[in-house]
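Analysis of the macromolecular model
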Amino acid sequence: MLFGKKKKVNLKIEGMHCPKCVAKVETAMKNLGGKAEIDLKLGRATVTCPEKLDVATIIAAVEALGFKCTAL
């Protein structure tokens, strides 16, 4: 559950091919205190997270899973 001020970050994620990939990204965002809505077909995600969480940290968490990630 998210508390306090929130922001949305839109990402392009390359390398996701299946629901397992989506689940990995969703879990990573949950571990950062946020949540992700992912469109596997488009390779895009909208992350809702605490306002204090910087975009570089979000991207690093996704890239640590082996995906290429850029902010839109």
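Residues numbered from 1 in each chain as written. Predicted model: local features only at pLDDT ≥ 70, side-chain atom pairs only at ≥ 80, totals over all residues. Heavy atoms only, no water.

As for the environment of Arg44
Topologically, Arg44 is positioned in strand 3 (residues 44–50). Sequence-wise, Arg44 and Cys69 are 25 residues apart; in three dimensions their C-alpha atoms are separated by 9.3 Å. If we skip the residues at most four places from it in the chain, Arg44 touches Leu11, Glu37, Ile38, Asp39 and Leu72. (Helix = DSSP H or I, 4+ residues; strand = E, 2+ residues; numbered from the N terminus. Contact = heavy atoms within 4.5 Å.)

Re the environment of Gly34
Along the chain, the position of Gly34 falls in the loop between helix 1 (19–31) and strand 2 (35–39). With relative accessibility at 10%, the residue Gly34 sits in the buried group. C-alpha of Gly34 to C-alpha of Val47: the two residues are 13 residues apart in sequence and 6.8 Å apart in space. (Buried < 20%, exposed > 50% of the residue type's maximum accessible area, 1.4 Å probe, protein only.)

Concerning the environment of Cys21
Mapped onto the elements of the fold, Cys21 is located in helix 1. Here Cys21 falls in the buried class, since its relative accessible area comes to 11%. Considered as a pair, Cys21 and Thr46 are 25 residues apart in the sequence and their alpha carbons are 15 Å apart. When sequence neighbours within four positions are dropped, the list of residues in contact with Cys21 reads Gly15, Met16 and Phe67.

Details of the sheet that holds strand 3
Spatial strand order, 2-3-1-4: four strands in an open sheet with antiparallel pairing. On the outer flanks of this sheet lie strand 2 and strand 4 (68–71), each paired with one strand and no other. When the angles between neighbouring strand axes are averaged without regard to direction, this sheet yields 25°. The pairing of strand 1 (residues 6–14) with strand 4 spans four bridges and is classified as antiparallel. Residue pairing across strands places Lys12 opposite Thr70, the latter belonging to strand 4. Those strands touched by helix 1 are strand 1, strand 2 and strand 3, and its axis lies near 155° from that of strand 2. (Pairing = 2+ DSSP bridges. Axes fitted to C-alpha atoms, helices over the stretch in contact; angles between N-to-C directions.)

By themselves, these observations are geometric and do not establish any function.
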